[in-house]
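Residue strings, one per chain:
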Amino acid sequence: MKYNPSEIEKKWQRFWDEKRSFEPDEDKSRPKKYILSMFPYPSGRIHMGHVRNYAIGDAIARYWRKKGYNVLHPIGWDAFGMPAENAAIKNRIHPKKWTYENIEYMRKELASLGLSFSKEREFATCDPLYTKYEQAFFIDMWNRGLVYRKKGFLNWCPHDQTVLANEQVIDGCCWRCDTPIVQKEMYQYYIKITDYADELLNDLKKLENGWPNRVLTMQRNWIGKSVGLEFAFRLDEEGREKTGIEEFKVFTTRPDTICGVSYAAVAPEHPLVKAMLEKGLLDNSSQKRIEAMHRMPVRERNMAEKEGVPLGVYVLHPITGEKIPVWVANFVLMEYGSGAVMAVPAHDSRDYDFAKKYGLPIKPVIFPKEGGLPDDGAYTEEGIVKGCDGFDGLFSKEAIEAIIKWFEKNGLGKKVINFRLKDWGVSRQRYWGAPIPMVHCPKCGVVPEKRENLPVTLPEDVQITGEGNPLDHHPTWKYTKCPECGTDATRETDTLDTFVQSSWYFLRFTTPRRLWEKRAFTKEDTDYWMPVDQYIGGIEHAILHLLYARFFTKVFRDMGYVNLDEPFKRLLTQGMVLKDGAKMSKSKGNVVDPDALIKRYGADTARLFILFAAPPMQELEWNDNAVEGANRFLRKLFDRACKIEPCTTLPQILHSNLDKDEKEARKKVYEALKKSEDVYVERFTFNTLIAASMEALNALDRQQNVQVWQEGMWILLNLLEPIVPHICWDLSEKLFGRNNFGLIELREEVFEVETISMAVSVNGKPRAQIEVAPDAKKEDILELARSAVPKWIEGKTVLKEILVPGRLVNIVVK
RNA sequence: GCGGACGUGGUGGAAUUGGUAGACACGCCAGACUUAGGAUCUGGUGCCGCAAGGUGUGGAGGUUCAAGUCCUCUCGUCCGCACCA
């Protein structure tokens, strides 16, 4: 019989569907596994990255199911977002239609891979039923003070009258109409993720054994906790009178360098600058230069050269009382700390560059324990304080403590913890998103919509042109009554960031469909299913998605909705799929289409290749020839299986009766079985398991024992099922009535051998092989070893002999 | 600049605790069979060398009886963050 993948695959996919084989059991007494591959954006067609993602997740899910676990392995669609609007502009198709059609198509594509999804829990995040709960959560957070409105700067295209995401700004211009973008200040909704900054940082410790180190590092850097001193620079008398401003705050992580301050620097957006501009205290050229700095988007400022303008006002040094000039500097960020810094050119490279450029004094106050200060550049390491009254002789760490204490004692400053992490702006001036469920009332202000009115749904009769906000432009949609007082009011026309949807979708999956109308999820279900035991996805989500999802979990916990600190116990970040050394992309023309591949070779070949070609976390280089090789293995497996006599139980073999090749075959088979535990549970290096299975099949091929063949195939089909399910179900059905899909015990006797082959090396170089009995005495082995390498030891003195049992003998001679 | 990961045959990759480097596969070479095919099977294949042997995990040192694996320095590639005070 010939291996016919398309026939087999259709047959079993239908079988699984009809039997609802992969729906989780509602019996919560069974041990569970929640295996989740990140849900896809319905862009239109699946790509190889998806195939890889879902092949990995499916293998893990199928493994645990076969082990008797209750497995939740769901799929859904991250369905809101800009591509739908872009398609609407380009092809005049409604985003909703476009999205649901794509989902329809991609669902079929994924189905053709034979993935064991819990399909009955599938949903799209643009389903109103999902939006309903998301809006309710948003209101809960608003009521708890976790959501607030604030003016923030956004990329704004004056031509299209729209807000642009950072990635839509190309060289400072709108990606669509090429108009230079401006920074526009608008009201935005923010979620207070910073309230949880410390916990999000500390709890990374709990993930150390389950998450890749680099993801943990990336999150730590992103949160960016720094501890330091906050104090105020008081303006001198003249300055206070001129500007009407008394003082401004600065933050430093290096209070030990405070006596080296030679100027203060403030951001172009700083209130002091604003006040001075308003009062006309700056000359024309200074004004112009400050305005130019201000105009430059913050992202671009870091590329530009350091620039500054002296403000002509002075502050007083809190310790020495010296007068210190204040500068505006383009490298000071308004968003971080207080938007102002104390500048210590001797010990900070940015301050140094700036001081050099403008000829400001450089005063070293920290000296290394050994050696001197650098000739050029700042000394940014720790050292001993010199030239700072009252603190001289202290080492940096002690000086930091002492100086902070001094400030606190004198009421001049305090220890402060700063985070790089900022609150999460969730407003999007777009159509295709979840409407923010708020109402603007002239009497009551901004108030949440009533719960019974949720979801606030999108109007369908809109024209998406890319200009302006369709919700705002809609003739009637935004007009409503205030939920508090009934006055005429307007709806919020902003929609939510799509990251909000992906921050809790994994909780929604725990809810059986019959409860969807009633509840977002229940504690009963989340207590049982959560946390996700294995999460699989691309490294590109290492920071934002994973951070937001962790944050939502903690907020839900504090609102009493879940009993859970961290949502994802283990995380596997898969590598990219490359072709010709580059990421597959249409523009490069190096795309391999999964559909075509499945059509030609079948889903099992696609899955086998993708898991065989590289370990999951590594990049995978596409190779058409190697795909052919994967297919060859399956054909061979099928061919050999067809020659086997069916049986319904695992044959009992008397190992000692077998010949050498038969024993070797059994050994290889059981080695693969042994390996499978480690691979499916711990390491996920499917490539090595597949290699071990190939070795086993090759070894089986070198002998003819009927029972050894039966046993070998029984085991191989069992352990390959998670990787190539269709062929394994088909052959298992024919040969073993699928009785081989249960637990298989290891047979230790197959690992026992009559002789062990050991290497003999002389001075570390391998010179000969010897065969010894497993129970041979040390002296006998050494004797044999010496006699095996006469050429290398004759006439020399044996200094030492090292025996590594079962592996080698090393003879050291001189 | 800071942080991280990775460098092993012609290629993808194995080597879990320091113990015979190159498993498995692709490619290539030779052969068999053949309805002459991009099928299947057998054998070979790190490099140099006729061989004995030498040499070999980016490079240079070091620790060790023994290093792909541990340490120091260095080069390269990729990724993340990027004036974060």
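As the structure is a computational prediction, the values presented were derived from the model and not from experiment.

Parameters and conventions
Residues take numbers from 1 onward in each chain, read along the sequence in its written order. Starting at A for chains and at 1 for ligands, labels are handed out in the order in which the entities are written. Confidence filtering applies because this is a predicted model: local features only for residues at pLDDT of at least 70, side-chain atom pairs given and counted only at 80 or more, and all residues used for totals across whole chains, interfaces and linings. Note that the side-chain values use all heavy atoms of the structure and ignore hydrogens as well as water. Exposure classes here rest on a 1.4 Å probe applied to the protein chains alone. A residue is buried below 20% of its type maximum, exposed above 50%, and partly exposed in between. Secondary structure elements follow DSSP: runs of H or I of four or more residues count as helices, runs of E of two or more count as strands, with numbering from the N terminus. Strands are labelled as partners when DSSP assigns at least two bridges between them. Here the term right-handed applies to a crossover when the path leading from its first strand over the helix to its second strand runs clockwise, the strands being oriented away from the viewer. What a helix should span is 1.5 Å times the count of its residues minus one. Note: the arc covers the axis-to-C-beta directions of the helix. The criterion used for residue contact is that any of the two residues' heavy atoms lie within 4.5 Å. Any pair of nitrogen or oxygen atoms within 3.5 Å is treated as a polar contact; in protein, a donor-acceptor pairing is required on top of that, and neighbouring residues in sequence qualify only through side-chain atoms on both sides. Throughout, an axis means a line fitted to C-alpha atoms (over the contacting stretch in the case of helices), and angles, computed between N-to-C directions, take values from 0 to 180 degrees. These descriptions rest on fixed angle ranges, namely under 35 degrees for roughly parallel, over 145 for roughly antiparallel, 65 to 115 for roughly perpendicular, and the rest for oblique. Crossings are classed by handedness, with left-handed meaning an anticlockwise turn of the near helix from the far one by less than a right angle and right-handed meaning a clockwise turn. Note on residue classes: Ala, Val, Leu, Ile, Met, Phe, Trp, Tyr, Cys and Pro are nonpolar, Asp, Glu, Lys and Arg are charged, and everything else, Gly too, is polar. Any residue with a heavy atom positioned within 4 Å of a molecule or strand is treated as near that molecule or strand. Patches here are clusters of residues that have more than 30% relative accessible area and form no salt bridge, with a 9 Å joining cutoff for like charges and a 5 Å cutoff for nonpolar side chains (Val, Leu, Ile, Met, Phe, Trp, Tyr). Here the accessible surface of atoms and residues is derived via Shrake-Rupley with a 1.4 Å probe, and residues count as covered only by protein chains that are part of the display. What makes a salt bridge here is a side-chain nitrogen of Lys or Arg within 4 Å of a carboxyl oxygen of Asp or Glu, nothing more. The charged-residue count follows a simple rule in which Lys and Arg add positive charge and Asp and Glu add negative charge, with His and chain termini not counted at all. Here, the term disulfide refers to a pair of cysteine sulfur atoms separated by no more than 2.5 Å. Each Phe, Tyr or Trp ring, with Trp reduced to its six-membered ring, pairs with another whose centre is within 6.5 Å; inter-plane angles below 30 degrees give stacked pairs, above 60 give edge-to-face pairs, and intermediate values give tilted ones. Criterion for a charge above a ring: Arg CZ or Lys NZ at most 6 Å from the ring centre, at most 35 degrees from the ring normal. By convention, charge coordinates are those of NZ in Lys, CZ in Arg, CG in Asp, or CD in Glu.

Novice: Let's hear about the pairing of strand 24 (residues 534-538): which residues, and what values?
Specialist: In terms of burial, strand 24 is largely enclosed, as 5 of its 5 residues are buried. In this structure, strand 1 (residues 32-37) lies alongside strand 24, joined through 3 bridges in parallel fashion. Directly across from Leu36, in strand 24, lies its bridge partner Tyr535. With 4 bridges connecting them, strand 24 and strand 25 (residues 571-574) associate as parallel partners. Directly across from Ile536, in strand 25, lies its bridge partner Leu572. Between the parallel elements strand 24 and strand 25, the chain passes through helix 18 (residues 544-558) in a crossover that is right-handed.

Novice: How would you explain helix 21 (residues 624-641) if you had to name every residue and give the values?
Specialist: Between its first and last C-alpha, helix 21 extends 26 Å over 18 residues, near the 26 Å set by a 1.5 Å rise per residue. Of all the positions in helix 21, only Val627, Ala630, Asn631, Phe633, Leu634, Leu637, Phe638 and Ala641 are classed as buried. Here the buried residues of helix 21 occupy an arc of 150° about the axis, which is enough to place them on one side. Exposed residues pointing more than 90 degrees away from the buried face of helix 21 are listed as Asn625 and Arg632. Looking at the buried residues of helix 21, the elements they touch are helix 1 (5-19), helix 19 (594-601), helix 20 (603-612), helix 23 (686-701), helix 24 (706-720) and helix 25 (725-736). Between the side-chain oxygen at the start of helix 21 and the backbone nitrogen of Asn625 there is a gap of 2.9 Å, and the oxygen is on Asn623.

Novice: Describe in detail the packing of helix 21 against helix 24, supporting the description with residues and values.
Specialist: Packed helices, taken two at a time, are described by the angle their axes make and the gap between the axes. Across the interface, helix 21 lies against helix 24 with an axial gap of 11 Å and an inter-helix angle of 140°. In terms of orientation, helix 21 and helix 24 fall into the oblique class. Crossing of helix 21 over helix 24 shows left-handed handedness. Contacts from Phe633, Leu637, Arg640 and Ala641 of helix 21 reach helix 24 at Trp709, Met713, Leu717 and Leu720. Residues belonging to the contact of helix 21 with helix 24 are distributed by class as follows: 7 nonpolar, no polar and 1 charged.

Novice: Account for the protein's contact with RNA strand B, with residues named and values stated.
Specialist: Neighbouring RNA strand B are 56 residues, the closest being Thr253, Asn302, Lys306, Arg350 and Gln769. For RNA strand B, the fraction of protein-proximal atoms (within 4 Å) that sit in sugar or phosphate groups is 64%. Of the residues belonging to the surface near RNA strand B, the class tally is 21 nonpolar, 16 polar and 19 charged.

Novice: Tell me what's going on with the sheet that holds strand 2 (residues 70-72), and back it up with residues and numbers.
Specialist: Taking strand neighbours across the sheet as the criterion, the 4 strands line up as 2-1-24-25 in an open arrangement whose pairing is parallel. Where the open sheet ends on each side, the last strands, each with one partner, are strand 2 and strand 25. For this sheet the average axis-to-axis angle between neighbouring strands, irrespective of direction, equals 15°. Bridge count between strand 1 and strand 2: 3 bridges; the pairing is parallel. Bridge assignment links Lys33 to a residue of strand 2, and that residue is Val71. Helix 2 (residues 48-66) rests against strand 1, strand 2, strand 24 and strand 25 of the sheet, and its axis sits at about 175° to strand 1.

Novice: Tell me what's going on with a nonpolar patch on the surface, and back it up with residues and numbers.
Specialist: Among the surface-exposed residues, Val298, Leu333 and Tyr336 lie close enough to one another that they form a single nonpolar patch of about 210 Å² accessible area. Note that Val298 resides in helix 11 (residues 298-301).

Novice: Go over the side chain of Lys33, please, and point to the residues and values.
Specialist: Looking at the element boundaries, Lys33 is found in strand 1. No salt bridge is formed by the buried Lys33; the nearest opposite charge belongs to Asp533, separated by 4.3 Å. Not counting residues up to four positions away in its chain, the partners in contact with Lys33 are Trp64, Tyr69, Asn70, Val71, Leu72, Trp529 and Asp533.

Novice: Can you lay out the pairing of strand 12 (residues 323-329) for me, pointing to particular residues and giving the numbers?
Specialist: Within strand 12, 5 of the 7 residues are buried, which leaves the element mostly enclosed by the surrounding structure. For strand 11 (residues 308-316) and strand 12, the ladder comprises 6 bridges, and the chain directions are antiparallel. From the neighbouring strand, Pro310 faces strand 12, where its bridge partner is Trp327. The hairpin turn running from strand 11 into strand 12, its antiparallel successor, is 6 residues long, and Gly321 in that turn takes a positive phi close to 80°.

Novice: Outline the environment of Asp533, listing residues and values.
Specialist: When you line up the elements, Asp533 lands in the loop between helix 17 (523-529) and strand 24. Judged by relative accessible area, which is 10%, Asp533 ranks as buried. Distance from Asp533 to Arg570, taken between C-alpha atoms, is 5.9 Å for residues 37 residues apart in sequence. The residues contacting Asp533, other than those within four sequence positions of it, are Lys32, Lys33, Tyr34, Lys569 and Arg570. One polar contact links Asp533 to Lys32, side chain to side chain, over a distance of 2.7 Å.

Novice: If you had to explain the state of the cysteines to someone new, which residues and values would you point to?
Specialist: Among covalent bonds in proteins, the disulfide is the one between the sulfur atoms of two cysteines. Counted under the stated rule, the structure contains 1 disulfide. Here Cys259 engages in a disulfide with Cys388; their sulfurs sit 1.9 Å apart. Disulfide Cys259-Cys388: the torsion about the S-S bond is 45°, which places it as right-handed. Pair noted here: Cys259 is in the loop between strand 9 (247-252) and strand 10 (263-266) and Cys388 is in the loop between strand 15 (384-385) and helix 13 (396-409), with a separation of 129 residues, a long-range link. Cys388 shares its class with Cys259; the two are buried.

Novice: Go over the packing of aromatic side chains, please, and point to the residues and values.
Specialist: According to the stated counting rule, one finds 53 aromatic pairs in the structure shown. Between Phe80 and Trp432, the aromatic rings sit 5.0 Å apart at their centres with planes inclined by 75°, giving edge-to-face as the arrangement. Of this pair, Phe80 sits in the loop between strand 2 and helix 3 (82-91) while Trp432 is found in the loop between strand 18 (427-428) and strand 19 (438-441), placing the two residues 352 residues apart along the sequence. With respect to burial, Phe80 and Trp432 carry one shared label: buried. Pairing Phe231 with Phe233 gives two aromatic rings, centres 5.0 Å apart and planes at 75°, and the pair type is edge-to-face. Residues Phe231 and Phe233 agree in their burial class; the two are buried. The residue whose ring lies beneath Arg767 is Trp792, and the NZ or CZ to ring-centre distance is 3.6 Å.

Novice: Can you break down a positive patch on the surface residue by residue, with the values?
Specialist: A surface patch of like charges, here positive, comprises Lys765, Arg767, Lys791 and Lys796. Relative to the helices and strands, Lys791 resides in helix 27 (residues 790-793).

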